[in-house]
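# Structural overview for review
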Amino acid sequence: MDKAKLNYVIDFFLGLSFFVVAVTGVIKMPLVSRVLGLNYSFLNSIGFNFVHDWSGIVMIFLVVVHLVLHWNW
């Protein structure tokens, strides 16, 4: 895979992980979760925090890869 295609793949998954972290982070906010009728126990029971946390870890990894790919730029 050439560098441009690899960059597109990394950036796509970086954007996807950002979107997941952003949406789950907003839903986890106390005011938003109360408005939606959700509580922390329910969110935790469906693995919501797991998805949020691991998407954040994936995003950190992809940011590092992105920076390495663009180091000379």
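Residues numbered from 1 in each chain as written. Predicted model: local features only at pLDDT ≥ 70, side-chain atom pairs only at ≥ 80, totals over all residues. Heavy atoms only, no water.

### Let's talk about the packing of helix H1 (residues 3-28) against helix H4 (residues 48-69)
For any two helices packed against each other, one specifies the crossing angle of their axes together with the interaxial distance. Contact geometry for H1 and H4: axes closest at 8 Å, N-to-C directions at 150 degrees. Accordingly, the angle class assigned to the pair H1 and H4 is roughly antiparallel. For the crossing formed where H1 meets H4, the hand is left-handed. Residue classes in the contact of H1 with H4 are distributed as 16 nonpolar, nine polar and four charged. (Axes fitted to C-alpha atoms, helices over the stretch in contact; angles between N-to-C directions. Helix = DSSP H or I, 4+ residues; strand = E, 2+ residues; numbered from the N terminus. Parallel < 35°, antiparallel > 145°, perpendicular 65-115°, else oblique. Left-handed = near helix turned anticlockwise from the far one by under 90°. Nonpolar A, V, L, I, M, F, W, Y, C, P; charged D, E, K, R; others polar.)

### A look at the side chain of His52
As for its placement among the helices and strands, His52 is situated in helix H4. A polar side-chain atom of His52 sits 2.6 Å from a polar atom in the side chain of Thr24. Contacts of His52, omitting those with residues within four sequence positions, involve Val21, Thr24, Gly25 and Lys28. (Polar contact = N/O pair within 3.5 Å; in protein donor to acceptor, adjacent residues only side chain to side chain. Contact = heavy atoms within 4.5 Å.)

### Concerning H4
Between its first and last C-alpha atoms H4 spans 31 Å; for 22 residues at 1.5 Å apiece the expected length is 32 Å, and the two agree. Listing the buried residues of H4 in full gives Phe48, Asn49, His52, Ser55, Gly56, Met59, Leu62 and Leu69. Buried residues of H4, viewed axially, fall in a sector of 160 degrees; they line one side. Exposed and facing more than 90 degrees away from the buried side of H4 are Phe50, Ile60, Phe61 and Val68. Of the surrounding elements, those touching the buried residues of H4 are H1 and helix H3 (40-45). (Expected span 1.5 Å × (residues − 1). Buried < 20%, exposed > 50% of the residue type's maximum accessible area, 1.4 Å probe, protein only. Arc of directions from axis to C-beta.)

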